[in-house]
Amino acid sequence: MNNNEQLFARAQKTIPGGVNSPVRAFRSVGGTPRFFVSGAGSRLVDADGKEYIDFVGSWGPAIVGHAHPAVIDAVQRAAAQGLSFGAPTEAEVELAELLCAMLPSLEMVRLVSSGTEATMSAIRLARGFTGRDAIVKFEGCYHGHADSLLVKAGSGLLTFGNPSSGGVPEDFAKHTLVLDYNDIGQLEDTFARAADRIAAVILEPVVGNMNLIQPSPAFIRRLRELCSQHGSLLIYDEVMTGFRVGPQGAQGLHGITPDLTTLGKVIGGGMPVGAFGGRRDVMQHIAPLGPVYQAGTLSGNPVAVAAGLATLKIVGEPGFHDRLGQTAARLVDGLEAAAREAEIAFRAQSVGGMFGIYFRDGLPASYAEVMQSDRERFNRFFHAMLDRGVYLAPSAFEAGFVSAAHSPADIETTVALAREAFAAIRQG
Ligand SMILES: *Cc1c(COP(=O)(O)O)cnc(C)c1O
């Protein structure tokens, strides 16, 4: 038998921390990570044979549910034709065309293999296009693990950032300015002092990496104005929100047109696909058309692209996002009602197929506010739900995801189990 515990013990001997991406290790919530054996629709089965209703969805990609027959069929057909050629294929042209048709801000797009590659390449392109070095990002937004994006705020307002990871040279971090999300004053000050150095501002237009945080309409409007006025590129990192919060991502929700957009997660449908794209005049600076180098042996991989195409075809069907949004809304309404009954300070909200849950009184608008939630209470809730067969993100600071495969009955069951879990943590 290889159960969760045995697998985790074994994994830790050869894989640092036993995992290939840190949040999977359950360090934040404690306990043994679940090793999954299979998934179908809204359900996952772990190595102990236990079934869960899944609200992580591989951190977003599983938007049509796990092992959707149309996606599996597309992958199997593509695989039978050969796994990789390192040369162009028709399917990748089809995916590029589909992405440009679905997102009006994309005039050209390049496919890569992860969200990290997409943001890293978009940053290099912005620097190459503008001839400037500085990047502005916001505290709590995650853009993958490239050096210039693993940076946290410096000691004072308008000082350049400090590395948030070992191994990132100060010399790189000093080109990244880190501001507070939703703070218009700081943004204006920054542009007033440093506009001629700012190549790009990158943000999650709905944040999903410090739990879920929404931008104020005035904040993103001002951001767009300042970037246009000063010739800095506005990069929407829609790796998480792309085709997740609405048919045109967050840019469609808010009616803002970014200069560049980065994509990942949903567009690979569970296979490794990322993309960056946007204005034609900017994208023409990428090799082989222009001087900004970017490449990838497995970029546009035919099997991965097949999964992405099959997924996006389902996601593009009329009414898809309405139904997905209703599912998420029903979940957060049910969770809030259950918490109220138990008299627990708790809020929840959803945007399209993404949701946030917070053990605090109001909805947070910044990193500082989200950090005020009761993390210990979240951890007990997480384990109470896990015991009852509901798999939530194993951290108080991650968003949750629903899929088209989550039925009204799945949501009802989850809310009923949450009622038990809230009662249990209240006593504990
Ligand atoms: C997940 C994520 C990334 C990184 O994508 P990977 O595929 O994990 O490299 C970048 N930006 C955002 C907003 C993300 O959510």
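Procedures and definitions
- Residues numbered from 1 in each chain as written.
- Predicted model: local features only at pLDDT ≥ 70, side-chain atom pairs only at ≥ 80, totals over all residues.
- Heavy atoms only, no water.
- Core = buried A, V, L, I, M, F, W, Y, C linked by side-chain atoms within 4.5 Å.
- Buried < 20%, exposed > 50% of the residue type's maximum accessible area, 1.4 Å probe, protein only.
- Helix = DSSP H or I, 4+ residues; strand = E, 2+ residues; numbered from the N terminus.
- Domains from an automatic or database assignment.
- Contact = heavy atoms within 4.5 Å.
- Near = heavy atom within 4 Å.
- Polar contact = N/O pair within 3.5 Å; in protein donor to acceptor, adjacent residues only side chain to side chain.
- Areas by Shrake-Rupley, 256 points an atom, 1.4 Å probe, with all protein chains shown as cover.
- Nonpolar A, V, L, I, M, F, W, Y, C, P; charged D, E, K, R; others polar.
- Phe/Tyr/Trp six-rings, centres within 6.5 Å; stacked < 30°, edge-to-face > 60°.
- Axes fitted to C-alpha atoms, helices over the stretch in contact; angles between N-to-C directions.
- Parallel < 35°, antiparallel > 145°, perpendicular 65-115°, else oblique.
- Left-handed = near helix turned anticlockwise from the far one by under 90°.
- Pairing = 2+ DSSP bridges.
- Buried area = accessible area lost by both parts, 1.4 Å probe.
- Salt bridge = Lys/Arg side-chain N within 4 Å of Asp/Glu carboxyl O.

*Asks:* What exactly am I supposed to notice about the nonpolar core here?
*Replies:* Generally speaking, nonpolar side chains in soluble globular proteins are found buried as a group. With 109 residues, the main nonpolar core has Leu99, Phe138, Phe243, Phe381 and Phe422 as its most contacted residues. The leading source of residues in this core is helix α10 (residues 302–315), at 10 residues. When residues of this core are assigned to domains, at least three fall in each of domain 1 (3–67 + 318–427) and domain 2 (72–315). Those residues in contact with Phe381 that lie beyond four places of it in its chain are Ile357, Phe359, Leu392, Ala418, Ala421, Phe422 and Ile425. Residues Leu149, Ala199, Ile286 and Val292 belong to the second largest nonpolar core, which totals 19 residues.

*Asks:* When you look at the site of the ligand in this model, what are you seeing that I'm missing?
*Replies:* Neighbouring the ligand are the residues Ser114, Gly115, Thr116, Tyr142, His143, Gly144, Glu204, Asn209, Asp237, Val239, Met240 and Lys265. Here an oxygen atom of the ligand sits 2.8 Å away from a polar atom, N or O, in the main chain of Gly115. Here a nitrogen atom of the ligand and a side-chain polar atom of Asp237 are 2.7 Å apart. About the coverage of the ligand: the protein hides 82% of its 380 Å² of free accessible area. Taken together, the residues that form the shell around the ligand break down as 3 nonpolar, 6 polar and 3 charged.

*Asks:* Would you mind going over the packing of aromatic side chains with me for this structure?
*Replies:* The description of two aromatic rings rests on the distance between their centres and on the angle between their planes. This model, assessed by the stated rule, comprises 17 aromatic pairs. When the centroid spacing of 5.1 Å and the interplanar angle of 70 degrees are considered together, the rings of Phe346 and Phe359 count as edge-to-face. Here Phe359 lies in the loop between β14 (354–358) and α12 (367–370) and Phe346 lies in the loop between α11 (320–341) and β13 (347–351), a separation of 13 residues in the sequence. Pair check on accessibility: Phe346 and Phe359 agree, each one buried. Each member of the aromatic cluster is reached from another via a ring pair, and the members are Phe26, Phe346, Phe359, Phe378, Phe381, Phe382 and Phe422.

*Asks:* Can you help me understand the packing of α11 against helix α14 (residues 408–427) in this one?
*Replies:* A packed helix pair is summarised by two numbers, namely the angle formed by the two axes and the spacing between the axes. Viewed as axis vectors pointing N to C, α11 and α14 meet at an angle of 20 degrees, and their least axial separation amounts to 9 Å. By the angle class used here, α11 and α14 are roughly parallel. The handedness of the crossing between α11 and α14 is right-handed. Contacts between α11 and α14 involve Thr327, Arg330, Leu331, Gly334, Leu335, Ala338, Ala339 and Glu341 from the first element and Pro408, Ile411, Thr414, Val415, Ala418, Arg419 and Phe422 from the second. Grouping the constituent residues of the contact of α11 with α14 by class yields 9 nonpolar, 3 polar and 3 charged.

*Asks:* Explain the sheet that holds strand β8 (residues 176–179) to me, please; I cannot follow it from the model alone.
*Replies:* Strand pairs in the sheet, formed through backbone hydrogen bonds, run parallel or antiparallel to each other. Pairing within the open sheet is mixed, and its 7 strands lie in the order β4-β12-β11-β10-β9-β5-β8. Of all strands in the sheet, those bounded by a partner on one side alone are β4 (108–112) and β8. Between one strand axis and the next, the sheet turns through 20 degrees on average, direction left out of account. In this sheet, strand β12 (residues 274–278) lies alongside strand β11 (residues 260–263) in antiparallel orientation, the contact comprising 4 bridges. Its bridge partner lying in β12, Leu260 is registered against Gly278.

*Asks:* Any chance you could explain the domain arrangement of the protein here in plain terms?
*Replies:* Per the domain assignment, the segments of the protein are domain 1 (3–67 + 318–427) and domain 2 (72–315). A separation of 26 Å is found between the C-alpha centroids of domain 1 and domain 2. Counting residues at the interface gives 30 residues for domain 1, matched by 29 residues for domain 2. Summing both partners gives a buried area of about 2,400 Å² for domain 1 against domain 2, and 65% of it is carried by carbon and sulfur. Taken as a group, His321, Val351 and Met354 account for 25% of the area that domain 1 buries against domain 2, more than any other trio of residues on that side. Counting every contact that joins domain 1 to domain 2 gives 0 salt bridges. Inspection of the domain 1/domain 2 interface yields 12 residue pairs in polar contact (both at pLDDT 80 or more). Within the residue set of the side of domain 1 that touches domain 2, elements represented by two or more residues are α11, β13, β14 and α12. Counting residues per element, the side of domain 1 that touches domain 2 draws most heavily on β14, which supplies 5 residues. Of the residues belonging to the side of domain 1 that touches domain 2, the class tally is 22 nonpolar, 7 polar and 1 charged.

*Asks:* What is the right way to read the environment of Gly154 from this model?
*Replies:* If you trace the backbone, Gly154 turns up in the loop between β6 (151–152) and β7 (162–163). With a relative accessible area of 18%, Gly154 lands in the buried category. Residues Gly154 and Ala173 lie 19 residues apart in sequence; the distance between their C-alpha atoms is 9.6 Å.

*Asks:* I'm lost on the sheet that holds strand β16 (residues 400–401) in this one. Help?
*Replies:* Ordered in space as β13-β14-β16, the 3 strands form an open sheet in which the pairing is antiparallel. Among the strands making up the open sheet, the edge pair consists of β13 and β16. As paired strands, β13 and β14 are joined by 5 bridges and run antiparallel to one another. Bridging from a neighbouring strand, Arg347 pairs with Tyr358 of β14.

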